[in-house]
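# Tertiary structure, described
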Amino acid sequence: AKAPVTVTVTGAAGQIGYALLFRVASGQMLGPDTPVRLKLLEIPQAVKAAEGTAMELDDCAFPLLDGVDITDDTNRAFDGTSVALLVGARPRAKGMERGDLLEANGGIFGPQGTAINEHAADDVRVLVVGNPANTNALIARSHAPDVPPERFTAMTRLDHNRALSQLAAKAGASVTDIKKLTIWGNHSATQYPDIFHAEIAGKKAADVLGVAPDGSGGAAADDHQWLTEEFIPTVAKRGAAIIEARGASSAASAANAAIDHVHDWVLGTPEGDWTSAGVPSDGSYGVAEGLISSFPVVSRHGRWEIVPGLEINDFSRARIDASVQELIDERETVRSLGLI
Ligand code: NAX
């Protein structure tokens, strides 16, 4: 039998944690042959609730679950960890400025980066879910100089999956018919879901939907309007729509996306398709080097690779640039606060 893999989940007593832990423990993240040992990190007030979740994990009698350790000690939480799911974050309170939010999260993700640097396993992979995810990942990475930078990623897979589902519904297709969709930029309202390289059942999505290939309005004004006024904002504002409807933010779908992200990172993406993830920019597509920005990616041999050589039309260029500018601004803010 394989040796157990240590998986750390922060914010384990939160709503995403509750939707995530059972799926990790059942083998859906690392596959049906890999036992997992869970380490749950919470703040002291929430340790008891995490213990309750651990009791339920016991009660599932998952064959792959090798043990659960609950702690409020950051160093202990990352000891020997190979997969770190950083879910717990400081939410934006009423009246909080963006700088305050980044600073509060710097107080969480900086020390977690340090603990990962000092205590995690050599093969550690980090997925930041807690918002603002891209910049929190940047902060954690900057505190972990001994970990290869590409091991720090931010989650845009939920945005990717939302876009798949919206596009499938519009085209009357199945989600499995859709390939090569991309989320670019920040996991925020400026993110850009790009259909211009996407395929629906082997045909170019733009052709199927009657959108001009250069993104210009042109003759099919209605279809252009669908792109700019329905598809892009629906994907980008889906989180707010879920809060409005459910009275709570996305949890099961966010957990599902985290499972997908790590599953594909470790086990590979399918041939002939790609996915989206926030990964450190190597300067590709004009995205400033070092930013953790969402790109089209494949995973080969356990590493994310940015899909090279795509042509970017003017419509896409402007939207990618706007979202990347927001990431640059966030980086400037955390730099000026001394957080990176
Ligand atoms: P909850 O408020 O239900 O849970 C967060 C948990 O984190 C709480 O139990 C809290 O005690 C814990 N926590 C806070 N500070 C901590 C620390 N320093 N160390 C360990 N644990 C800590 O939030 P939930 O709905 O689970 O969402 C978690 C995060 O995911 C939020 O930041 C949220 O904005 C973000 N999301 C990110 C998404 C993405 O696509 N990247 C989508 C879903 C979600 O909005």
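Residues numbered from 1 in each chain as written. Predicted model: local features only at pLDDT ≥ 70, side-chain atom pairs only at ≥ 80, totals over all residues. Heavy atoms only, no water.

In this section: the pairing of strand S13 (residues 292–300). The buried count for S13 comes to 8 of 9 residues, which makes it a mostly enclosed element. In the sheet, strand S12 (residues 275–280) pairs with S13 via 6 bridges, with the strands oriented antiparallel. Among the inter-strand pairings, Ser276 is bridged to a residue of S13, identified as Pro296. Where S13 meets strand S14 (residues 303–306), 4 bridges bridge the pair, whose relative direction is antiparallel. What sits directly across from Ser299, in S14, is Trp304. (Buried < 20%, exposed > 50% of the residue type's maximum accessible area, 1.4 Å probe, protein only. Helix = DSSP H or I, 4+ residues; strand = E, 2+ residues; numbered from the N terminus. Pairing = 2+ DSSP bridges.)

Right, let's get into the UniProt feature "binding site: NAD(+)" (unreviewed entry) in the chain. Mapped onto the present numbering, the UniProt feature "binding site: NAD(+)" (unreviewed entry) falls at Gly11, Ala12, Ala13, Gly14, Gln15, Ile16, Gly17, Asn105, Gln112, Val129, Gly130 and Asn131. For Ala12, a relative accessible area of 1% translates into the label buried. Setting aside its immediate chain neighbours within four residues, Ala12 contacts Gly17, Tyr18, Leu21, Leu40, Leu41 and Glu42. Examined against the element boundaries, Asn131 turns out to sit in the loop between strand S5 (125–128) and helix H5 (133–142). Asn131 gets classed as partly exposed once you look at its relative accessible area, which sits at 38%. (UniProt positions renumbered as here; feature names shortened; annotations may be inferred. Contact = heavy atoms within 4.5 Å.)

Right, let's get into helix H11 (residues 314–336). Between its terminal C-alpha atoms H11 stretches 32 Å, which fits the 33 Å expected from 23 residues at 1.5 Å a residue. Among the residues of H11, Phe315, Ser316, Ile320, Ser323, Val324, Glu326, Leu327, Glu330, Arg331 and Val334 are the ones counted as buried. For H11, the N-terminal capping position is held by Asn313, with its side-chain oxygen 3.2 Å away from the main-chain nitrogen of Phe315. (Expected span 1.5 Å × (residues − 1). Polar contact = N/O pair within 3.5 Å; in protein donor to acceptor, adjacent residues only side chain to side chain.)

To continue, consider the site of the ligand. In the neighbourhood of the ligand, 23 residues make up the surrounding shell, with Gln15, Ile16, Glu42, Val129 and Asn131 lying closest. A distance of 2.9 Å separates an oxygen atom of the ligand from a polar atom in the backbone of Gln15. Measuring from a nitrogen atom of the ligand, one finds a backbone N or O atom of Met155 at 3.4 Å. Burial of the ligand by the protein amounts to 79% of the accessible area it has alone, namely 880 Å². (Near = heavy atom within 4 Å. Areas by Shrake-Rupley, 256 points an atom, 1.4 Å probe, with all protein chains shown as cover.)

This next bit is on the side chain of Arg157. Mapped onto the elements, Arg157 comes out in helix H6 (residues 157–171). In this structure the side chain of Arg157 is engaged in a polar contact, spanning 3.0 Å, whose partner is the side chain of Asp264. Other than its neighbours up to four places away in sequence, Arg157 contacts Ala257, Asp260, His261, Asp264, Thr275 and Ser276.

Another point: the sheet that holds strand S7 (residues 178–179). Within the open sheet, the 3 strands sit side by side as S7-S10-S11. Their pairing is antiparallel. Single-partner strands in this sheet number two, and they are S7 and strand S11 (203–204). Alignment of strand S10 (residues 199–200) against S11, held across 2 bridges, turns out to be antiparallel. The residue of S11 that forms the bridge with Glu199 is Lys204.

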